[in-house]
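Understanding the architecture of this molecule
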Amino acid sequence: EISAFIYHVMNGLDLKNTAGQTLALNVDEKKGQLVATTTNEDGSAKQITVDKDGRVEEKELPATLNSPVALFRKNTDHSTESIDLTWTTKAAKSTVEIANNKDFKSLVDEEETSKGKYTSKLKPGLYFWRVKVTSKDGALFSETRSLEIVQMKAPELKDLEKNKVIYRNEIP
């Protein structure tokens, strides 16, 4: 089916043109939306959303998320993992928010900074992150990205008699 093909080709696509602008395309199947985010070299960004009924919404974004990329996944054999978050904004200060749900009702980490970068130590799990900029009009938010940290067991040795792999966190 052509729509499935377009979804797999377009979702998570990041392009950069010769003028230094970046275009990121994402498809949200649950909401039935196509979201295009354009970012200029100076950090200014716009987000254009087209819903399933063809309605178009355009808005300025207060910050552009640089890394990790959309749908980032890291495998680890540690109980926590350091994740470097970076973004670009024209604001003097911004706040990075990390939550374990898309609605950000329960934050697992939050930090105000003027640097446009922050390192968070996270346990394995699925997280969502965004950047908040507070202005006279209230709080403005960047796009939201997800990142996942997957706990992997690293084998240490094999018990040849029982033909069993022993993992670091298991006692033989």
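Just above sits the structure.
Residues numbered from 1 in each chain as written. Predicted model: local features only at pLDDT ≥ 70, side-chain atom pairs only at ≥ 80, totals over all residues. Heavy atoms only, no water.

1. Thoughts on the overall build of the protein chain
A tally of regular secondary structure across the protein chain gives 1 helix and 16 strands. For the protein chain, with 172 residues in total, the buried portion stands at 30%. A separation of at least 24 residues holds for 43% of the contacts in the protein chain among residues at least 6 apart in sequence. When the accessible area of the protein chain is evaluated, it comes to approximately 11,500 Å², of which 50% is carbon and sulfur surface. (Helix = DSSP H or I, 4+ residues; strand = E, 2+ residues; numbered from the N terminus. Buried < 20%, exposed > 50% of the residue type's maximum accessible area, 1.4 Å probe, protein only. Contact = heavy atoms within 4.5 Å. Areas by Shrake-Rupley, 256 points an atom, 1.4 Å probe, with all protein chains shown as cover.)

2. Remarks on the environment of E110
Counting through the fold element by element, E110 comes out in strand 10 (residues 107–113). Spatially, the C-alpha atoms of E110 and V96 are 5.6 Å apart, while their sequence positions differ by 14 residues.

3. With respect to unusual backbone geometry
Cis rather than trans, the peptide bond between S67 and P68 has omega equal to 5°. Checked against the element boundaries, P68 lands in the loop between strand 6 (63–67) and strand 7 (72–76). Of note in this structure, L71 is not a glycine but carries a positive phi near 60°. Mapped onto the secondary structure, L71 falls in the loop between strand 6 and strand 7. Its identity as a non-glycine residue notwithstanding, F104 has a phi of 60°, on the positive side. Judged by relative accessible area, which is 8%, F104 ranks as buried.

4. Brief notes about the sheet that holds strand 8 (residues 81–89)
Taken in spatial order, the 3 strands line up as 6-8-11 in an open sheet, and their pairing is antiparallel. Across the chains shown, the open sheet's two edge strands, defined by having one partner strand only, are strand 6 and strand 11 (117–122). Averaged over all adjacent pairs, the angle separating strand axes in this sheet is 30°, with direction ignored. As defined by bridge partners, strand 8 adjoins strand 11 across 6 bridges and the pair is classed as antiparallel. The residue of strand 11 that forms the bridge with S82 is K121. (Pairing = 2+ DSSP bridges. Axes fitted to C-alpha atoms, helices over the stretch in contact; angles between N-to-C directions.)

5. What about the nonpolar core?
Core analysis: the largest hydrophobic core is formed by 14 residues, its most contacted members being L85, W87, L122, W129 and L147. When contributions to this core are tallied by element, the ones reaching two or more residues are strand 6, strand 8, strand 9 (94–99), strand 11, strand 12 (125–135) and strand 14 (145–151). (Core = buried A, V, L, I, M, F, W, Y, C linked by side-chain atoms within 4.5 Å.)

6. Quick look at the pattern of salt bridges
Overall, the coordinates contain 9 salt bridges when judged by the stated rule. With a shortest N-O distance of 3.0 Å, R55 and D51 are connected by a salt bridge. Through salt bridges with shared partners, one network takes in K46, E58 and E60. (Salt bridge = Lys/Arg side-chain N within 4 Å of Asp/Glu carboxyl O.)

7. Some details on a positive patch on the surface
Residues K30, K31, K59 and K102 make up a contiguous surface patch of positive charge. The topology assignment puts K31 in the loop between strand 2 (22–28) and strand 3 (33–39). (Patch = residues over 30% accessible without salt bridge, like charges linked within 9 Å, V, L, I, M, F, W, Y side chains within 5 Å. Lys, Arg positive; Asp, Glu negative; His and termini not counted. Charge placed at Lys NZ, Arg CZ, Asp CG, Glu CD.)

8. Here's the deal with the packing of aromatic side chains
Across all of its chains, the model carries 0 aromatic pairs by this definition. The side chain of R130 reaches across the aromatic face of F104, ending 3.9 Å from its centre. Residue placement shows R130 over the ring face of F141; its charged tip is 3.8 Å from the ring centre. (Phe/Tyr/Trp six-rings, centres within 6.5 Å; stacked < 30°, edge-to-face > 60°. Lys NZ or Arg CZ within 6 Å of the ring centre and 35° of its normal.)

9. Some thoughts on the environment of A91
With respect to the secondary-structure elements, A91 resides in the loop between strand 8 and strand 9. Taking the relative accessible area as the measure of exposure, A91 reaches 28% and is therefore partly exposed. When the C-alpha atoms of A91 and A63 are compared, they prove to be 8.2 Å apart, with 28 residues separating the residues in sequence.

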